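Understanding the architecture of this molecule
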Amino acid sequence: MLYREAGQFKTTYAADQQLFPIRQDRIGVITLLLVAFLGVPLFASEYWFSAILIPFLIFALAALGLNVLTGYAGQLSLGSAAFMAVGAYAAYNFQLRIEGIPILVSFALAGLTAAGVGILFGLPSLRIKGFYLAVATLAAQFFIVWCLTKFPWLSNNSSSGVISTQKLIIFGHELTTPVEKYLLVLSIVVVMALAAKNMVRSSTGRAWMAVRDMDVAASVIGIKLMPTKLLAFAVSSFYCGVAGALYAFCYLGSVEPDGFSLEMSFKILFMIIIGGVGSIMGSFLGAAFILLLPIFLDVALPFLAGLFGLPFSSATVSHIQITVFGALIMFFLIVEPHGLARLWQIAKEKLRLWPFPH
Amino acid sequence: MSKKIGDVILDLQNISLRFGGVKALTDISFNVKQHEIRAIIGPNGAGKSSMLNVINGVYHPQEGKIFWHGNERKKMEPHMAAQQNIARTFQNIALFKGMSVLDNIMTGRITKMKSNFIEHALWFGRAKNEELEHRKKVEEVIDFLEIQHIRKTPVGRLPYGLQKRVELGRALAAEPTMLLLDEPMAGMNVEEKQDMCRFILDVNDQFGTTIVLIEHDMGVVMDISDRVVVLDYGKKIGDGVPDVVKNSEEVIKAYLGAGH
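Every chain begins its residue count from 1, and numbering advances along the sequence as written. Each chain is given a letter, starting from A, and each ligand a number, starting from 1, according to the order in which they appear as written. Restriction of local features to residues with pLDDT of at least 70 applies here, the model being predicted, together with a cutoff of 80 or more for giving and counting side-chain atom pairs; totals for whole chains, interfaces and linings are based on all residues.

Check the secondary structure of chain A and you find 14 helices and four strands. Compactness check: chain A gives a C-alpha radius of gyration of 21 Å against a globular reference of 21 Å for 358 residues, within 12% of the reference. Taken over the C-alpha atoms alone, chain A extends approximately 65 × 65 × 45 Å along its principal axes. Expressed as a percentage of its 358 residues, the buried residues of chain A come to 43%. Here, residues touch in the contact sense if the C-beta positions derived from the backbone fall within 7 Å of one another. Contacts in chain A between residues at least 24 apart in sequence constitute 75% of all its contacts with a sequence separation of at least 6. For the purposes of this entry, the term helix denotes a DSSP run of H or I that reaches at least four residues, the term strand denotes a run of E that reaches at least two, and both are numbered from the N terminus. In this treatment the radius of gyration is a C-alpha quantity, and the globule benchmark scales as 2.2 Å times the residue count to the 0.38 power. Counting other C-beta atoms within 10 Å of a residue's C-beta gives its exposure: the residue is buried at 20 or more, exposed at 12 or fewer, and partly exposed in between, where C-beta atoms are placed from the backbone.

Below is the structure:
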């Protein structure tokens, strides 16, 4: 009843091709943005900002980056965390070594550095595909972490490569509170998500998807495979790089190379698998699922145990947490292999007809 | 039919193609004239699809020369064929399964788009205008092929006959001067074949597109093509107008066996 296109006639191609063609979607997105920018800062606690919302946004951005590469361009990668590390250390070094460089500029440069590294490790994609490519990107994961530990210059000679990030100063104002950091991260993520959405709905995105779906046909149509794949690697690494810089500067404040482990790369990969491969919104849904579920289980399990009077030790709780987490991932993969984004899409299609059957 | 067949635009001379020890094509020469419908026929494994792949640069023949509009063509990559206005469809449907019909056909115009990814990301200047301008062209193709009702449907959900039609649409969107069709009617029922024939003839007639066609349905081939090349085991065994080819001793032998 509420979610219906009836009566919304498109009379121009411009109207048909806008970002959110359905009026209800537009209202929904604007509401969501208003809540995120105005509502949340009024009500959320400091814990929510620094432990949930900021990491959620940062990982959503990294997942978005991987989704560009894997979901849209079809190139499997296991190096997302490494590209985040490049971003984090590059931003740190730009701040450290260039006098008076604005923090946003160094974030952008960090992204570009990561993009450069991404292109380098994307070169094997010109010859190999699928799992073999994943193994090649694994090399990025190990090599970059090794580099950051091996060369002390990169971490300004600190022991074991740990860096403590500089102050966040934007237009002469230092961001110290979690709310301010949240708003900074949120703004960057919104702008970049919008840019990604624009890319995937234009010929850049169509070229990526064409390469993903049928590369021979794509090249016969006139798509040059090499630049298209490398662009996907560059854009993806740019997003991961910025996410890494935000991870260091706005979330942890101090990071070490080993923090950007293979486990983190897998986590980001799971986010897009659960959320939806080849969907911008899926990246956000997946990040929310992977990050929030453990926190939710942390709270819910002891509560349930208390309810039934079961004597759970904290170790048992953490074991159960892992088990339930794994089981839920498997459940989702079996029930809806296309991820949460597809579930959302199906729900919307049903809503268009509801309450009528046809 | 009032169309005018023009000069030779594609001339293949002594083409030989080998994969290791397997000879796919041996010393084949034929030409294609402007605005004609040129059929390539032959039994399975005769080298018909290889021939198309040679024409649009997917395979590189070891010997022979290819002249395109009178100029000898150097070794080329597949994407260069698109720049020379050669479009094709595939024997097994090669659509982009995850994309809608509209996006598939829009992809066909990709070589005509000039804006870069930064403009796309910012949705600024050329990016938006190009998108609208090309949408208009794509809608013309959609109208032509009578597939308006499915423009927003993901192609994976469409029945086979319509997928073939969308693939033709994707090739047409590039406004090619030469269109290579690899078994456009394979696996279709009579009605779908009739529709497809009509589209091919209309394309040839209205847009003046030169068509090179591989097809197994002899009725269709003899009806719509202007000249026919016959291949067998990678060799050319016949070439000419349909009536001549139909009655050629060698062609009948290849199709029906020597004992016939």
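Moving on, we get to the environment of R151 of chain B. All names here are of chain B. Considering the arrangement of structural elements, one finds R151 in the loop between α5 (126–145) and α6 (160–173). The class for R151 is partly exposed, based on 18 C-beta atoms found within 10 Å. For the pair R151 and I37, spaced 114 residues apart in sequence, the C-alpha separation works out to 29 Å.

Once that is clear, we can look at helix α10 (residues 225–252) of chain A. Within an α-helix, residues lying three or four positions from one another point in the same direction, as the helix has 3.6 residues per turn. Residue and element names in this part refer to chain A. Taking 1.5 Å of rise per residue, 28 residues should cover 40 Å, and α10 covers 39 Å from first to last C-alpha, within 8% of that figure. Note that the bend at a residue is defined as the angle between axes fitted to the seven residues ending at it and the seven residues starting at it. The largest bend along α10 reaches roughly 30 degrees and is located at L246. Of all 28 residues in α10, 24 are buried; the element is thus mostly enclosed. Where α10 ends, the next residue or the one after it, G253, has phi of about 85 degrees, a positive value. To estimate how far a helix should reach, multiply one less than its number of residues by 1.5 Å.

Attention now moves to the interface of chain A and chain B. It is common to give the size of an interface as the accessible area lost on bringing the parts into contact. In this assembly, 25 residues from chain A lie in contact with 31 residues from chain B. Residue assignment for the side of chain A that touches chain B shows that the elements contributing at least two residues are α1 (13–16), α7 (178–200), α8 (203–213) and α9 (215–221) of chain A. Just so you know the grouping, Ala, Val, Leu, Ile, Met, Phe, Trp, Tyr, Cys and Pro go in nonpolar, Asp, Glu, Lys and Arg go in charged, and all remaining residues, Gly too, go in polar. Taken together, the residues of the side of chain A that touches chain B sort by class into 14 nonpolar, eight polar and three charged.

Turning our eyes to something else, we now look at the sheet that holds strand β5 (residues 71–72) of chain B. Residue and element names in this part refer to chain B. Pairing between strands requires that DSSP locate at least two bridges from one strand to the other. Taken in spatial order, the four strands of this open sheet run β2-β1-β4-β5, and their pairing is antiparallel. Across the chains shown, the open sheet's two edge strands, defined by having one partner strand only, are β2 (22–33) and β5. Examined bridge by bridge, strand β1 (residues 8–19) and strand β4 (residues 63–68) share five bridges and lie antiparallel to one another. Counterpart to L10 in the pairing with β4 is W68. Each of β1 and β2 is contacted by helix α1 (residues 48–55), which is oriented at about 120 degrees to β1, the strand it contacts most. Only the stretch in contact is used when fitting a helix axis, every axis being a line fitted to C-alpha atoms; angles between N-to-C directions are given from 0 to 180 degrees.

A score between 0 and 100, pLDDT records how confident the predictor is in each residue. Per-residue pLDDT for chain B has a mean of 89; in total, 98% of the residues score no lower than 70. Interface confidence in the predicted complex, given as ipTM, is 0.88; pTM for the same model is 0.90.

Before going further, it helps to examine the pairing of strand β8 (residues 210–214) of chain B. Regular strands show a simple pattern: their side chains alternate between the two faces of the sheet. Residue and element names in this part refer to chain B. Of all five residues in β8, five are buried, a share of seventy percent or more. By the alternation rule, side chains of β8 split into T210, V212 and I214 and I211 and L213, which are all buried. Sheet analysis places strand β3 (residues 37–41) next to β8, joined by four bridges and oriented parallel. Within β8, the residue paired with A39 across the bridge is L213. For the handedness criterion, the strands are oriented away from the viewer, and a crossover whose path from the first strand over the helix to the second runs clockwise is classed as right-handed. At this point the chain moves from strand β7 (residues 178–182), through helix α7 (residues 190–206), to the parallel β8, and the crossover so formed is right-handed.

Moving on: the sheet that holds β8 of chain B. Residue and element names in this part refer to chain B. Taken together, the six strands give an open sheet; going across it, the order is β6-β7-β8-β3-β9-β10, and neighbouring strands pair in mixed fashion. Both edges of this open sheet fall to β6 (86–89) and β10 (235–240), since each of them pairs with a single strand only. The sheet shows a mean angle of 15 degrees between the axes of neighbouring strands, direction not considered. Along the sheet, α1 makes contact with β3, β6, β7, β8 and β9 (227–232), crossing β8 at roughly 150 degrees.

Domain boundaries in chain B define domain 1 (8–85 + 176–256) and domain 2 (95–159). Either an automatic procedure or a domain database provided the assignment from which the domain bounds are taken. Put simply, the middle of domain 1 of chain B and the middle of domain 2 of chain B, counted by C-alpha atoms, are 28 Å apart.

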